[in-house]
Amino acid sequence: MGELPAKVSIREVGPRDGLQNEDPVPTGAKIKLLDALSATGVGRIEAVSFVHPKAIPQMADADEVWAGATPADGVRYSALVPNSRGARRALAAGFTEVEVVVSASDTHNRRNVNRSTAESLDDIAGLIALLHDAGATAEVIVATSFGCPYEGDVDPARVAGIVDRVLADGADRIAFGDTTGMGTPRRVRELVSAVRERQPDAPLLLHFHNTRGTALANLLTALELGVTEFDASVGGLGGCPYAPGASGNVATEEVVHMLHDMGVDTGIDLDRLIEVAEYAEEIVGRQLPSGVLRAGPRTRLG
């Protein structure tokens, strides 16, 4: 095993990516979840997405949720947008960190936004300029980076080419989404290496799903490659409404539990986080997949 970093940054995505794949949750419960997560010590939270309510009805109350939340000092909040209209809504709401998604596979991109990958990249170039003109940063999330449920394997060189394009257009950060949990440690190593060969200094964030039980192994592999920024979702909430079989994101408490035992600091209070996971389970009305939520941390004795 290679030397691990002393500290990593986790972006909590439960309030957005987590809840978008559940039955609609009341606005007040969303606000309570967001505020509770803000008190765990997490440094970054993906709070809402500004999408058309017909596309993702679970996010129809994004403005109300953000207006009712109490941002915590030291926490960076971001919003996901699909286009320039969503970007303007995010900016009007006060967000200075904004994310936009493009899929590495054309089929998934068309299912998601009814455009080819190339067409979306052209749109994103203008969106980046819009955000920068307003003083905000732009993160480009490349979905299906490790495989597509419609097309199968995705060539790392194709993903690296997308990274080249969006960085040339001014993207501030790149994230790779394992949209349906097709990633394995081998594929993580291949993708990160392919990108690093061409863009050694690009800020990278990885977003793993645990659909096939490989998320923690994938995360550890990325750590060994020097990646220090990751998405995770409280309780393992989440999925993708445009991808069959896309079960939840890796659970934040599982990531924190593993990293802390390995001496890697996240800044997150695990006990508080587990309490929030219990609340998340309550508001969605189903058992969440997190093993640490079920069994507690390894230090909990009978």
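Refer to the structure presented above.
Keep in mind the model is a prediction, meaning the values are calculated, not measured.

**Thoughts on the overall build of the protein chain**
1) Next: Assigned secondary structure in the protein chain consists of twelve helices and eight strands.
2) Next: For 302 residues, the compact-globule formula gives about 19 Å, and the C-alpha radius of gyration of the protein chain, at 18 Å, lands near that figure.
3) Next: Expressed along its principal axes, the backbone C-alpha trace of the protein chain runs to roughly 55 × 45 × 35 Å.
4) Next: Expressed as a percentage of its 302 residues, the buried residues of the protein chain come to 54%.
5) Next: Accessible surface, the protein chain as shown: approximately 12100 Å² in total, 48% of it carbon and sulfur.
6) Next: Taken as two groups, the 28 positive and 42 negative side-chain charges of the protein chain have centres that lie 3 Å from each other.

**Considering the nonpolar core**
1) Next: Leu33, Phe95, Val140, Ile174, Phe176, Leu206 and Val234 are the most contacted members of the largest nonpolar core, which has 90 residues in total.
2) Next: No other element matches the nine residues that helix α11 (residues 270-284) contributes to this core.
3) Next: If we skip the residues at most four places from it in the chain, phenylalanine 176 touches Val142, Ser145, Phe146, Val159, Val163, Leu191, Val195, Leu204, Leu205, Leu206 and His207.

**A word on unusual backbone geometry**
1) Next: In the Ramachandran plot, asparagine 114 falls in the positive-phi region, its phi being about 60 degrees despite a non-glycine side chain.
2) Next: In this structure asparagine 114 comes out as exposed when scored by relative accessible area, which is 66%.
3) Next: Unusually for a residue other than glycine, threonine 144 sits at a positive phi of about 50 degrees.
4) Next: Looking at the secondary structure, you find threonine 144 in the loop between β5 (137-143) and α7 (156-168).
5) Next: We classify threonine 144 as buried; its relative accessible area is 0%.

**Details of the sheet that holds strand β3 (residues 76-81)**
1) Next: In spatial order, the strands read β1-β2-β3-β4-β5-β6-β7-β8; together these eight strands close into a barrel with parallel pairing. In this sheet, adjacent strand axes meet at a mean angle of 30 degrees when their direction is disregarded.
2) Next: Lying on the sheet, helix α2 (residues 27-38) is in contact with β1 (9-12), β2 (44-49) and β3; it crosses β2 at an angle near 165 degrees.
3) Next: Each of β4 (97-103), β5 and β6 (173-177) touches α7; the most contacted strand, β6, lies at about 155 degrees to it.

Calculation criteria
In this convention, every chain numbers its residues from 1, walking through the sequence in written order. Confidence filtering applies because this is a predicted model: local features only for residues at pLDDT of at least 70, side-chain atom pairs given and counted only at 80 or more, and all residues used for totals across whole chains, interfaces and linings. To get the side-chain values, all heavy atoms of the structure are used, and hydrogens and water are removed first. Put simply, DSSP H or I for four residues or longer makes a helix, DSSP E for two residues or longer makes a strand, and each gets a number counted from the N terminus. Each radius of gyration reported is based on C-alpha atoms, and the globular scaling rule is 2.2 Å times the count of residues to the power 0.38. Per-residue accessibility, obtained with a 1.4 Å probe over protein chains only, is compared with the maximum for each type, and a residue is labelled buried under 20%, exposed over 50%, and partly exposed between these values. Using a 1.4 Å probe, accessible areas were evaluated by the Shrake-Rupley method; residue-level cover was limited to the displayed protein chains. None of His or the chain ends enter the tally, which takes Lys and Arg as positive and Asp and Glu as negative. A charged residue contributes its charge at one atom only: NZ of Lys, CZ of Arg, CG of Asp or CD of Glu. To define a nonpolar core, start from buried Ala, Val, Leu, Ile, Met, Phe, Trp, Tyr and Cys residues and group those joined through side-chain atoms within 4.5 Å. Contact definition: two residues touch when any of their heavy atoms are within 4.5 Å. In this description, strands pair whenever DSSP reports at least two bridges between them. Angles here are taken between N-to-C directions and fall from 0 to 180 degrees, while the axes themselves are lines fitted to C-alpha atoms, restricted in helices to the stretch in contact.

Nothing here speaks to function; it is geometry throughout.
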